[in-house]
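A structural walkthrough
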Amino acid sequence: MSGRGCGVSEEEEPGWEVEPDDEWGVAVIATVGRQLRLRREAVALRAADFARAVGYSEDMVYKVESGKRIPRPEYLDKADKVLDAGGLLAAMKEDVEKVRYPKKVRALAELEAKAVELQLYDPLNIHGLLQTPEYARALLRMRRPAYTDDVVERGVGGRIARKVLFERDPAPEISFVQDEWSLRRPLGGRKVLRQQLEHLLEVGELRNVEIQVMPMDRQEHAGVAGGIEVLKFADGSAVGRSPAVANGRRVEDPKHLRILELRYGIIRAQALTPRESTTFIEHLLGAT
């Protein structure tokens, strides 16, 4: 591994274990591990010698080859060169990277990747697509019962991976509504909050993104029943989700979607405009 001495074990580093209930993930890592072992054995290279060549511990090599550990991208790059695989092992990095993220995150990311418009309201915290790694990590570490470090890092990685949505071309239209109190609570500390507010201002400058703040002094709020998520696609179809509709299950029927869009539209009308929201966030940043 880059920056590490040869034979250094990485077993204590979180975020690189395979989720047991992730059938696809388990299958991918098992296949990758088997290919690594077969290629190593084909060139008559012992595990200990291979470990020294790639700069990892022998124990790590056995864990990867047995499908118990997700190999890092640089591990596959080095293995490809050492085993003269002609890029076949390095080409597995894309699927291996996906395995790091929870199944639910992968499914959501696939939908977001196809959406041409997203309407997102999170009443509890800053929306996952807007979170900095530090803020996301702080939130996940607050969960009770406590998450393991591995689960925390998987969660952080999953949220960050979804941010490719902002880099798409053509870019989707994305609307966020955030309650004021979610921008004031210093979850993770004042430094984390300050970085998070700065990030909101940066994202809000994107032409395809609108961020609106729902002030705490509003006497009417159409979002009191919970968060709302509506994703629209190029073929005219859409999917939505809200804890107040269909028990939080994903919905696609026009009746439920109409309810979600109606509520979201009222929430946006009750919130500050995007320009007013930018000024509001700048004020909060200055006071943090």
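Heads up: the structure comes first, above all this text.
Computed from a predicted model, the values in this text were never measured in an experiment. Position labels on residues start from 1 in each chain and follow its written sequence. This being a predicted model, a pLDDT of at least 70 is required before a residue's local features are given, and a value of 80 or more before pairs of side-chain atoms are given or counted; all residues contribute to the totals for chains, interfaces and linings. Side-chain figures throughout are based on the complete set of non-hydrogen atoms in the structure, without hydrogens or water.

Notes on the side chain of Arg40
To be explicit about the condition: Numbering of helices and strands starts at the N terminus; helices are DSSP runs of H or I of at least 4 residues and strands are runs of E of at least 2. Any two residues whose heavy atoms approach within 4.5 Å are treated as being in contact.
By secondary structure assignment, the location of Arg40 is in helix α1 (residues 23–42). Apart from the residues within four sequence positions on either side, Arg40 is in contact with Leu45, Arg46, Ala47, Phe50, Glu65 and Leu83.

Re the layout of surface pockets
Summary: where empty space remains is shown by rolling a probe the size of a single water molecule over the atoms. Definition in use: Any residue with an atom within 4 Å of a point lines the site, the site being either a cavity, points on a 1 Å grid over the protein atoms alone where a 1.4 Å probe fits but cannot get out, or a pocket, an open set with protein on both sides within 12 Å along at least 5 of 7 lines. Grid points are joined across faces, edges and corners, and a volume is the space filled by probe spheres set on the points. Basically, the charged four are Asp, Glu, Lys and Arg, the nonpolar ten are Ala, Val, Leu, Ile, Met, Phe, Trp, Tyr, Cys and Pro, and anything else, Gly included, counts as polar.
Considered as a void within the structure, the largest pocket measures approximately 1400 Å³ in volume. For the largest pocket, the lining is made up of 38 residues, of which Lys104, Leu108, Arg143, Arg159 and Arg162 are closest to its centre. Put simply, the parts of the chain that give the lining of the largest pocket at least two residues each are α6 (103–114), β1 (115–122), α7 (133–141), α8 (149–161) and β4 (228–233). Examining the composition of the lining of the largest pocket, we find that 6 residues originate from one element, α6, more than from any other. Of the residues that constitute the lining of the largest pocket, the class distribution is 18 nonpolar, 7 polar and 13 charged. Taken as a whole, the second largest pocket holds about 420 Å³ of empty space. What lines the second largest pocket is a set of 17 residues, among which Lys98, Tyr101, Ala109, Ala161 and Val164 lie closest to the centre. For the lining of the second largest pocket, the secondary structure elements donating two or more residues are α5 (93–99), α6 and α8. Among the elements that make up the lining of the second largest pocket, the one with the highest residue count is α6 (6 residues). Among the residues making up the lining of the second largest pocket, the classes are represented as 8 nonpolar, 1 polar and 8 charged.

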